[in-house]
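Letter by letter, the chains look like this.
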Amino acid sequence: PAMRVAGLVSFVAAAAALWLLVRDVAGRAVAFAAVALFTLTPLAFLWSRTSKIEYLAVAAGLAYLWAGLRWRDGRGARWWPIALAFGLVCALVKPPTFVALAIPLALARDRVEAANAVAWLRTRVDPRLVALGVLPLAASLAWLRYGDAIKATSASMRYLSSSSGYWNNYYYSTLDDRFNPIHAGRIAYHFTDLAVGHYTLLFLGVGLVAALRLPRASFPLSLAASIVLPIVVFWGAYWQHDYNIIAVSAQAAALAAYRFVALARAARRPRRAL
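What comes next is a walk through the structure.

**As for the overall build of the protein chain**
Piece 1. Each helix and strand in the protein chain was counted, giving 15 helices and zero strands.
Piece 2. A total of 274 residues make up the protein chain; the buried ones form 50% of that total.
Piece 3. For the protein chain, restricting intrachain contacts to residue pairs at least 6 apart in sequence, the fraction spanning at least 24 positions comes to 73%.

So, in structure tokens, the structure goes:
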């Protein structure tokens, strides 16, 4: 019961962090829609009350992205250590989730960034921004090596070390697996039937197009990248277990929310009689 309660609290914290993040970038209406789409899914109903670490990693990762973007937007130097703290939690709990949610922080433009390639590159090589990505990954690597040292002491646990073939096949899979239609179909099922739903899926692409017309269009583009790239890299994990799709469910909800809000606003506009 304690583990299930902790999982449910982590899920609520993830929803709150998603609201704060989307509110800052796209406004309160899109934030509320994103939270609704994030929480009212089969994936959320199934896994939010279980003793799993997924939503703890998502909550910390979303808070990391929110605080990191606030620091990049010039809202105060205090947001940098806050982002680092949440990034460390996310990376230590589940490194693939950290990788997914670090993508928007690295790719999205901040509010004062000039819209040219030189300014974009200059911002990305800022040592402080690089540290927000490297330090959590370094901590997770050290923690992984510590865990491997413990597993090496037991013959029954050695196959679970990060250098084993079992580990590599589970997370990264093989090239043949990436072109296996059965595996691709399972990932599609996990994403469409559990994470977003068939009808919401229709809004993802259209929502991305709608968001590109708004200020700070790089944010929804980076969200799309944070869905696609982790699945391509960690292919084995995503086709084998449905709960791994939790790592990209918040980004999908935010993208679909753009379109839901755009439709709601269009419906309220007065129409002239023909």
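**Considering the nonpolar core**
Piece 1. Counting residues in hydrophobic clusters, the biggest one holds 74 residues, and the most contacted among them are F38 and Y55.
Piece 2. The leading source of residues in this core is helix α15 (residues 246-268), at twelve residues.
Piece 3. Apart from the residues lying within four places of it in its own chain, the contact partners of F38 are F11, A14, A15, L18, A44, Y55, V58, S249, A250 and A253.

**Section: empty space enclosed by the protein**
Empty space among the atoms can be located by rolling a probe the size of a water molecule over them.
Piece 1. Tallied over the entire structure, the rule returns two cavities of 30 Å³ or more.
Piece 2. If you add up the space inside the largest cavity, you get close to 80 Å³.
Piece 3. Contributing to the lining of the largest cavity are E54, V58, K94, P96, T97, Y171, F234, A237, Y238, N244, I246 and A247.
Piece 4. Of the residues that constitute the lining of the largest cavity, the class distribution is eight nonpolar, two polar and two charged.
Piece 5. Taken as a whole, the second largest cavity encloses approximately 40 Å³ of empty space.
Piece 6. Residue lining of the second largest cavity: D24, V25, W66, L69, R70, D73, R75 and R216, and that is the complete set.
Piece 7. Looking at the lining of the second largest cavity, the elements that each hand over two or more residues are α1 (2-26) and α4 (54-72).

**Remarks on unusual backbone geometry**
Piece 1. The backbone of S173 shows a phi angle near 60°, a positive value even though the residue is not glycine.
Piece 2. One can find S173 in the loop between α9 (165-171) and α10 (175-178).
Piece 3. For S173, a relative accessible area of 14% puts it in the buried group.

**A closer look at the packing of helix α5 (residues 79-93) against helix α8 (residues 127-151)**
Piece 1. At their nearest, the axes of α5 and α8 sit 9 Å apart, and the two run at 30° to each other. As far as their axial angle goes, α8 and α5 are roughly parallel. Considering only the axes of α5 and α8, their crossing is right-handed. For the pair α5 and α8, contact is made by W80, A83, L84, G87, L88, A91 and L92 and by R128, A131, L132, L135, P136, A139, S140 and W143, respectively.
Piece 2. A per-class count over the contact of α5 with α8 returns twelve nonpolar, two polar and one charged.

**Observations concerning the packing of aromatic side chains**
Piece 1. The final tally for this structure, using the stated rule, is 14 aromatic pairs.
Piece 2. Their ring planes at 80° and their centres at 6.0 Å tell us that F38 and Y55 sit as a pair that is edge-to-face. Here F38 is found in helix α2 (residues 28-39), whereas its partner Y55 is found in helix α4, with 17 residues between them in sequence.
Piece 3. Taking relative accessible area as the criterion, F38 reaches 3% and is therefore assigned buried.
Piece 4. Residue Y55 is classed as buried on the basis of its relative accessible area, which comes to 3%.
Piece 5. Feature note: the residues W167, Y170, Y171, Y172 and F234 constitute an aromatic cluster, connected by ring pairs.
Piece 6. Seen from the ring of Y243, K52 lies directly overhead, with NZ or CZ sitting 3.8 Å from the centre.

**Focus on the layout of surface pockets**
Piece 1. The space that makes up the largest pocket amounts to roughly 840 Å³.
Piece 2. Lining the largest pocket are 29 residues, with P95, P96, L144, W167 and Y171 sitting closest to its centre.
Piece 3. Classifying every residue of the lining of the largest pocket by side-chain character gives 19 nonpolar, five polar and five charged.

**A closer look at the side chain of K151**
Piece 1. Residue placement: K151 occurs in helix α8.
Piece 2. The side chain of K151 sits in the buried core without any salt bridge; D148 is the nearest counter-charge, 4.2 Å away.
Piece 3. Within the structure, the side chain of K151 is placed 3.2 Å from the backbone oxygen of L160, a separation counted as a polar contact.

**Some details on helix α7 (residues 117-124)**
Piece 1. Within the sequence span of α7, burial applies to A119, T123 and R124. Down the axis of α7, the buried set is contained in an arc of 130°. They therefore lie on one face. What points out from α7, more than 90 degrees from its buried face, is the exposed set A117, V118, L121 and R122.
Piece 2. The secondary structure elements touched by the buried residues of α7 are α4, α6 (95-107) and α8.

The rules we used
One numbering rule holds for all chains: residues counted from 1, following each sequence as written. The predicted origin of the model limits local features to residues at a pLDDT of at least 70 and limits the giving and counting of side-chain atom pairs to 80 or more, whereas totals for whole chains, interfaces and linings rest on all residues. The side-chain values count all of the structure's non-hydrogen atoms but skip hydrogen atoms and water molecules. The numbering of helices and of strands both runs from the N terminus, where a helix is a DSSP run of H or I of at least 4 residues and a strand a run of E of at least 2. Here the term buried applies to any residue with accessible area under 20% of the maximum for its type, exposed to any over 50%, and partly exposed to those in between, with areas from a 1.4 Å probe on protein chains only. Residue contacts are counted whenever heavy atoms from the two residues lie within 4.5 Å of one another. Definition of nonpolar core: a set of buried residues of the types Ala, Val, Leu, Ile, Met, Phe, Trp, Tyr and Cys, connected through side-chain atoms within 4.5 Å. Cavity means a closed set of points on a 1 Å grid over the protein atoms alone, one where a 1.4 Å probe fits but cannot get out, pocket means an open set with protein on both sides within 12 Å along at least 5 of 7 lines, and lining means a residue has an atom within 4 Å of a point. Grid points are joined across faces, edges and corners, and a volume is the space filled by probe spheres set on the points. Residue polarity is assigned by list, with Asp, Glu, Lys and Arg as charged and Ala, Val, Leu, Ile, Met, Phe, Trp, Tyr, Cys and Pro as nonpolar; anything else, Gly included, falls into the polar class. Here the axes come from fitting lines to C-alpha atoms, over the contacting stretch only for helices, and the angles between their N-to-C directions go from 0 to 180 degrees. Reported orientations rely on four angle classes, namely roughly parallel under 35 degrees, roughly antiparallel over 145, roughly perpendicular from 65 to 115, and oblique for the rest. Left-handed describes a crossing in which the near helix is turned anticlockwise from the far one by less than a right angle; the clockwise case is right-handed. Only centres within 6.5 Å qualify two rings of Phe, Tyr or Trp (six-membered ring in Trp) as a pair; their planes then separate them into stacked at under 30 degrees, edge-to-face at over 60, and tilted for everything else. Here, over-ring charges are defined by two tests on the NZ atom of lysine or the CZ atom of arginine: distance to the ring centre within 6 Å, and angle to the ring normal within 35 degrees. The charged-residue count follows a simple rule in which Lys and Arg add positive charge and Asp and Glu add negative charge, with His and chain termini not counted at all. By salt bridge we mean one thing: a side-chain nitrogen of Lys or Arg within 4 Å of a carboxyl oxygen of Asp or Glu. We call two N or O atoms a polar contact when they sit within 3.5 Å, provided that within protein one can donate a hydrogen and the other can accept it, with sequence-adjacent residues counted only if both atoms are side-chain atoms. Summarising the geometry, the arc corresponds to the directions from the helix axis toward the C-beta atoms.

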